[in-house]
Amino acid sequence: MEKIIPAKERLLKSEKKWKDGELRGKILVTICAVIMISATISITIFLGTKGLQSFIKNGVSLIEFLTSTQWNPTNKANPEYGAFPFIFGSFAVTFLSAIVAAPLGIGGAIFMTEIAPSWGRKILQPVIELLVGIPSVVYGFIGLTVLVPFIREHVGGLGFSLLSGVIVLSIMILPTITTIATDAMSSLPKNLREGSYALGATRWQTIRKVLIPAALPSLLTAVVLGMARAFGEALAVQMVIGNVRDLPSNLLDASATLTTIITLNMGHTTYGSVENNTLWSMGLILLVMSFVFILLIRYLSSRRKM
Amino acid sequence: MKSLKKFSLLTLFAALMVFTAACGGGASTDKTEGTDKTSKTEEKKELSGSLSVSGSSAMQPLVAAAAEEFMNENPNVDIQVNAGGSGTGLSQVAEGSVQIGNSDVFAEEKEGIPADQLVDHKVAVVGMTAAVNPKVGIKDIKKEDLIKVFTGKITNWKELGGKDQKIVLVNRPDSSGTRAIFNKFALDGATPAEGITEDSSNTVKKIINETEGAIGYLAFSYFTDDSVTPLSIDGIEPTAENVQSGKFPVWAYQHSYTKGEADGLAKAFLDYLMSDDIQNTLLKEQGYLPVTKMKVERDAKGNQKNL
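As the structure is a prediction and not an experimental result, all values here were calculated from the model.

A. Representation of the overall build of chain B in the model. Tallying secondary structure elements over chain B gives nine helices and 14 strands in all. Once local pairs closer than 6 in sequence are excluded, the contacts in chain B between residues at least 24 apart make up 72%. Taken as a whole, chain B presents about 14400 Å² of accessible surface, with 52% of it coming from carbon and sulfur.

B. Fine view of the overall build of chain A. The secondary structure content of chain A amounts to eleven helices and two strands. When its helices and strands are written in sequence order, chain A yields α-α-β-β-α-α-α-α-α-α-α-α-α. What you see for chain A is a C-alpha radius of gyration of 25 Å, clearly larger than the 19 Å of a compact globule of 306 residues, by over 25%. When burial is assessed residue by residue, chain A has 44% of its 306 residues classed as buried. When contacts within chain A are restricted to residue pairs at least 6 apart in sequence, long-range pairs at least 24 apart make up 68% of them.

C. Just the interface of chain A and chain B, in detail. Taken together, the contacts link 31 residues of chain A with 36 residues of chain B. Here chain A packs against chain B, burying approximately 2600 Å² in sum over the two surfaces, 50% of which is carbon and sulfur. Between R245(A) and E194(B) there is a salt bridge, with its nearest N and O atoms 2.4 Å apart. Counting every contact that joins chain A to chain B gives 15 residue pairs in polar contact (both at pLDDT 80 or more).

D. View of the nonpolar core. L146(B), V149(B), I215(B) and F269(B) are the most contacted members of the largest nonpolar core, which has 99 residues in total. Ranked by residue count, the leading element in this core is strand β4 (residues 118–132) of chain B, at nine residues. If we skip the residues at most four places from it in the chain, L146(B) touches A130(B), I141(B), F182(B), A186(B), L187(B), I215(B) and I233(B). Core analysis: the next-biggest nonpolar cluster, separate from the first, contains 52 residues, F65(A), A98(A), L211(A) and I262(A) among them.

E. Geometry of the packing of aromatic side chains. Residues and elements named next belong to chain A. Under the definition given, this model contains 17 aromatic pairs over all chains. Here the aromatic rings of F55 and F65 are separated by 5.3 Å at their centres, their planes lie at 75°, and the arrangement is edge-to-face. Of this pair, F55 sits in helix α1 (residues 7–56) while F65 sits in helix α2 (residues 62–67); the two residues are ten residues apart in sequence, bridging distant segments of the chain. Taking relative accessible area as the criterion, F65 reaches 0% and is therefore assigned buried. Arranged with centres 5.8 Å apart and planes meeting at 75°, the rings of F231 and F293 form a pair that is edge-to-face. Here the residue F231 occupies a position in helix α8 (residues 203–232), and F293 occupies one in helix α11 (residues 274–303), the gap between them amounting to 62 residues. Taking relative accessible area as the criterion, F293 reaches 5% and is therefore assigned buried. An aromatic cluster is built from F91, F95, F231 and F293, whose rings are joined through pairwise contacts.

F. Layout of the packing of helix α2 (residues 60–73) of chain B against helix α9 (residues 276–285) of chain B. Residues and elements named next belong to chain B. α9 packs onto α2 with a crossing angle of 125° between their chain directions and a minimal axis gap of 11 Å. Regarding the angle of α2 to α9, the classification is oblique. For the crossing formed where α2 meets α9, the hand is right-handed. Judged by residue contacts, L62, A65, A66 and E69 of α2 engage I278, L282 and L283 from α9. Considered class by class, the residues forming the contact of α2 with α9 number six nonpolar, no polar and one charged.

G. Structural detail: the pattern of salt bridges. All names here are of chain B. Under the criterion given, the structure shown has twelve salt bridges over all chains. A salt bridge links K184 to E109; the nearest nitrogen and oxygen atoms lie 3.2 Å apart. With a gap of 75 residues between them, K184 in helix α5 (residues 177–185) and E109 in the loop between β3 (100–103) and β4 connect regions that are remote in the sequence. Its relative accessible area of 29% is what places K184 among the partly exposed residues. The partner of E210 in a salt bridge is K206, with the nearest N and O atoms 3.2 Å apart. Of this pair, E210 and K206 both sit in helix α6 (residues 201–210), four residues apart, roughly one helical turn.

H. Up close: a nonpolar patch on the surface. Residues and elements named next belong to chain A. Side chains of V137, V138, I142, V146 and L235 sit close together on the surface and give an oily, nonpolar patch of about 390 Å² of accessible area. For the nonpolar patch, the element with the highest residue contribution is helix α5 (residues 136–154), accounting for four residues. Mapped onto the fold, V137 is located in helix α5.

I. Representation of the pairing of β3(B) within the structure. Residues and elements named next belong to chain B. The alternating pattern of β3 places I100 and N102 on one face and G101 and S103 on the opposite face, and all of these are buried. Sheet topology places strand β1 (residues 49–55) next to β3; three bridges connect them, and they run parallel. Paired with V53 across the strands is I100, a residue of β3. The pairing of β3 with strand β11 (residues 251–259) spans three bridges and is antiparallel.

J. Local environment of the side chain of T129(B). All names here are of chain B. Along the chain, T129 falls in strand β4. At 2.8 Å, the side chain of T129 forms a polar contact with the backbone oxygen of L231. Beyond its immediate chain neighbours, meaning those up to four positions away, T129 contacts F182, G216, Y217, L218, F220, F223, P230, L231, I233, P238 and F248.

K. Inspection of the pairing of strand β8 (residues 214–219) of chain B at higher detail. Residue and element names in this part refer to chain B. Among the six residues in β8, six count as buried, and that is most of the element. The alternating pattern of β8 places A214, G216 and L218 and I215, Y217 and A219 on opposite faces, both of which are buried. Where β4 and β8 come together, five bridges link them in antiparallel fashion. Within β8, the residue paired with T129 across the bridge is L218. Pairing between strand β6 (residues 168–171) and β8: two bridges, direction parallel. Counterpart to L169 in the pairing with β8 is I215.

L. Structural view of the environment of G137(B). All names here are of chain B. Position of G137 among the secondary structure elements: in the loop between β4 and β5 (140–141). Owing to a relative accessible area of 57%, G137 belongs among the exposed residues under this scheme. On a C-alpha basis, the gap between G137 and V296 in space is 33 Å, while along the polypeptide they are 159 residues apart.

M. Molecular detail of the side chain of Q99(B). Its location among the elements puts Q99(B) in the loop between α3 (86–94) and β3. In terms of polar contacts, Q99(B) uses its side chain to reach the backbone amide nitrogen of S52(B), at 2.8 Å.

Conventions used here
- Residues numbered from 1 in each chain as written.
- Chains lettered and ligands numbered in written order.
- Predicted model: local features only at pLDDT ≥ 70, side-chain atom pairs only at ≥ 80, totals over all residues.
- Heavy atoms only, no water.
- Helix = DSSP H or I, 4+ residues; strand = E, 2+ residues; numbered from the N terminus.
- Contact = heavy atoms within 4.5 Å.
- Areas by Shrake-Rupley, 256 points an atom, 1.4 Å probe, with all protein chains shown as cover.
- Rg over C-alpha atoms; globule rule 2.2 N^0.38 Å.
- Buried < 20%, exposed > 50% of the residue type's maximum accessible area, 1.4 Å probe, protein only.
- Buried area = accessible area lost by both parts, 1.4 Å probe.
- Salt bridge = Lys/Arg side-chain N within 4 Å of Asp/Glu carboxyl O.
- Polar contact = N/O pair within 3.5 Å; in protein donor to acceptor, adjacent residues only side chain to side chain.
- Core = buried A, V, L, I, M, F, W, Y, C linked by side-chain atoms within 4.5 Å.
- Phe/Tyr/Trp six-rings, centres within 6.5 Å; stacked < 30°, edge-to-face > 60°.
- Axes fitted to C-alpha atoms, helices over the stretch in contact; angles between N-to-C directions.
- Parallel < 35°, antiparallel > 145°, perpendicular 65-115°, else oblique.
- Left-handed = near helix turned anticlockwise from the far one by under 90°.
- Nonpolar A, V, L, I, M, F, W, Y, C, P; charged D, E, K, R; others polar.
- Patch = residues over 30% accessible without salt bridge, like charges linked within 9 Å, V, L, I, M, F, W, Y side chains within 5 Å.
- Pairing = 2+ DSSP bridges.

Rendered as structure tokens:
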């Protein structure tokens, strides 16, 4: 025979347990949030103080740093600290790879959610997961051994070029864009599609006139997040872009980005030297840019909210 | 219950990690001091403790190989060798976070390093020369032409009697030690023109091999096959003998710096690096030249004199 426990006791017990769990959960989650916030704030403060030193302590002119194209930090008599070619390079590879990857990624997302939800997902999903899992050094190495010689022989130039960087980066940011775009498209309420079909719209009309505008804020977020990743990527780009300090005049010219200059020089410079500080300043630019990207996402999504 | 167990396991693991990390940092110096005492009393019978070395990525393979043999002979010794660049090595040894900092260049040449606090141990010599794509068709270059090539005044190999090919420069990063040495001794201080820049010598070699008309510079140890052609400068071949006798100008010391005089385990290891065994066998295997066989000497300002 089952032992009968009065309802009151059971209630008390479960209530106590429930309270315990509630409190523990709350503490756990709050700790996580506090750690994340403090990490972000401390990185910002650290990078801010480090990055501003070259302007405050070493007297490098901020305007020269941002606009001059002459980068010559090792010249003892007349060192020049113009980071503009690298800033330009970073923006060039970022925007160009977004232009390549955004249509591809959003197209793939539409294919997976609207055109062929069952088998399309089955094929594309693992492909995208595979792309995410490949480390960036492997992308760089494939770029160096396959892409660079290919471009040199079939397109022209040295092979080390903006174009190579853009191609490698587009493939690298494709998973980010596709995944977020897929989530955005599949989370659209079903009655949007049904309403559109009920009005007599075709599938393509529904996608173009209803679904894409409805998901646009999230799609833009996907693209901007992809761009943020492209802006910060160093290793793979460094291997294929050539790292030339001059401004590129066309797509086949070798170029350099902020991140490649940082990774190339960081180990060779000594802490506290002017050159080291200017590298930190470049890091600060990267951070500021990622803030700008985030603000952009905020702005876009708040404006387009339905 | 189950989640509690998991959680406590996680906490335990985290605590363990913090503990080991703390030990790794702090214990090394303590242990070295301990070794110092024992080696004095017991006439270096048994070495023990740990030593951390960081710096020049060019020196890393050499020092790591020597450390491995040293650890085989002294099983109680633990030596960690990290690469990271000459600047990192010098910074870390100056602030005391490693016992030995390796560098391709003299500490005096790096900005922001208290060179007077550091003691220089020259453990090896490395020779370098310009390397070209084999299809370029030249094997010897005059120094003045080399300077013209690297400063962009000569842009086609046919001007130097080679093939009709555009010259493609492959550089190292601005602050790289190899670049500094090559600029100083091969280009007489001229600033090279813009070119492809790569940090790893292996990549530089690969690019020179694959790109028509390419020229870069590499340490002798990279001339193991005929995928790139090392250039003689002013008719002097880039060989160990020519570097040792002082005829070939482009070479540099590989420095191991300690903060203050080396003692304890650091001293034992540096002595080991200078031993005939390492200087005459391991160095050669790794493509370096023994510092003990040099007939010339150089100071931080680049002045060379006969020994």
